[in-house]
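As a plain string of letters, each chain reads:
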Amino acid sequence: ETGVTQSPTHLIKTRGQQVTLRCSSQSGHNTVSWYQQALGQGPQFIFQYYREEENGRGNFPPRFSGLQFPNYSSELNVNALELDDSALYLCASSYPTSASTEAFFGQGTRLTVV
Amino acid sequence: AQSVTQPDIHITVSEGASLELRCNYSYGATPYLFWYVQSPGQGLQLLLKYFSGDTLVQGIKGFEAEFKRSQSSFNLRKPSVHWSDAAEYFCALNTNAGKSTFGDGTTLTVKP
């Protein structure tokens, strides 16, 4: 079990609403990445935060936004929810930032949009 | 742009039989490759990783993978599958720590 925790574990939202998902990174990790995993697919990279700054973004619209706090925990915010936003959202933390560094994943937040 | 392909969506093997899950990648530089396992409703657990050096890497739970640069492949193997290995398996390519490109996964079913 990794030291990455995500909350909540499950939630249901209505189309058009806004949602905030939270991630506490593993101790000592300064980088947090967020992924969206739709049913039957692999995780898709949303964005990464390194030392409180966005450090790369995947092919997601601006209504997906994030924050990283001084303690390196992170939030993912999604505005104007759409039905296709229903997915498992995974957070991963790592240190330092390099391609050979392993990222540790949390258990995910299952978001259902109705 | 990088990509990862897992050609087999679903594989069924008998308990005790050997297993090979295929992974092909496309990337213009040195690949950093990973295999993860995911049980239903759970996050991803790292099985093994390849960065450089020996092309045969050992992982947890008796898994191993072989990197073949000439074939752009990183196939996962296990000599004898246990019922508890039933899960979904993902191959991933890192271009930066945490910025991973994943395949769509292979679902493994184990027959008693």
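In this report, we go over the structure that sits alongside the text.

Parameters and conventions
Residues numbered from 1 in each chain as written. Chains lettered and ligands numbered in written order. Predicted model: local features only at pLDDT ≥ 70, side-chain atom pairs only at ≥ 80, totals over all residues. Heavy atoms only, no water. Helix = DSSP H or I, 4+ residues; strand = E, 2+ residues; numbered from the N terminus. Buried < 20%, exposed > 50% of the residue type's maximum accessible area, 1.4 Å probe, protein only. Polar contact = N/O pair within 3.5 Å; in protein donor to acceptor, adjacent residues only side chain to side chain. Pairing = 2+ DSSP bridges. Contact = heavy atoms within 4.5 Å. Buried area = accessible area lost by both parts, 1.4 Å probe. Salt bridge = Lys/Arg side-chain N within 4 Å of Asp/Glu carboxyl O. Disulfide = S-S within 2.5 Å. Phe/Tyr/Trp six-rings, centres within 6.5 Å; stacked < 30°, edge-to-face > 60°.

### Notes on the side chain of Asp85(A)
Residues and elements named next belong to chain A. With respect to the element layout, Asp85 can be found in the loop between strand 8 (74–78) and strand 9 (87–94). Classification of Asp85 by relative accessible area gives buried; the value is 3%. Separated by 2.8 Å, the side chains of Asp85 and Arg63 make a polar contact.

### Observations concerning the pairing of strand 5 (residues 32–38) of chain B
Residues and elements named next belong to chain B. The buried fraction of strand 5 is high, at six of seven residues. Summarising the sheet, strand 5 and strand 6 (residues 45–50) pair through five bridges and their orientation is antiparallel. Residue pairing for strand 6: Val37 is matched across the bridge by Gln45. From the end of strand 5 to the start of strand 6, which pair antiparallel, there are six residues, and Gly41 there has a positive phi angle of about 70°.

### Observations concerning the interface of chain B and chain A
Taken together, the contacts link 22 residues of chain B with 26 residues of chain A. Taken together, both faces of the contact between chain B and chain A bury some 1,800 Å²; the carbon and sulfur share is 52%. Applying the counting criterion to the chain B and chain A interface returns one salt bridge. The closest approach of N and O atoms between Lys49(B) and Glu102(A), which form a salt bridge, is 3.3 Å. For the interface between chain B and chain A, the tally reads five residue pairs in polar contact (both at pLDDT 80 or more). Contributions of two or more residues to the side of chain B that touches chain A are made by strand 5, strand 6, strand 10 (87–96) and strand 11 (99–102) of chain B.

### A short note on the state of the cysteines
Put plainly, a disulfide is one covalent bond tying together the sulfur atoms of two cysteines. Across all of its chains, the model carries two disulfides over all chains by this definition. The side chain of Cys23(A) participates in a disulfide bridge whose partner is Cys91(A); the two sulfur atoms lie 1.7 Å from each other. Every disulfide takes its handedness from the sign of the S-S torsion; for Cys23(A) and Cys91(A) that torsion is -50°, giving left-handed. One end of the pair, Cys23(A), is in strand 3 (residues 19–24); the other, Cys91(A), is in strand 9, and 68 residues separate them in sequence. Each sulfur in the disulfide pair Cys23(B) and Cys91(B) lies 2.0 Å from the other. Measuring handedness by torsion sign, the sulfur bridge of Cys23(B) and Cys91(B) sits at about -65° and is left-handed. With a gap of 68 residues between them, Cys23(B) in the loop between strand 3 (19–21) and strand 4 (24–26) and Cys91(B) in strand 10 connect regions that are remote in the sequence.

### Points about the packing of aromatic side chains
Residues and elements named next belong to chain A. For the coordinates displayed, the defined rule picks out 16 aromatic pairs over all chains. Residues Tyr35 and Phe105 carry aromatic rings whose centres are separated by 5.6 Å and whose planes lie at 50° to one another, so their mutual orientation is tilted. Here Phe105 lies in strand 10 (residues 104–105) and Tyr35 lies in strand 4 (residues 31–37), a separation of 70 residues in the sequence. The residues Tyr35 and Phe105 share a single accessibility class, namely buried.

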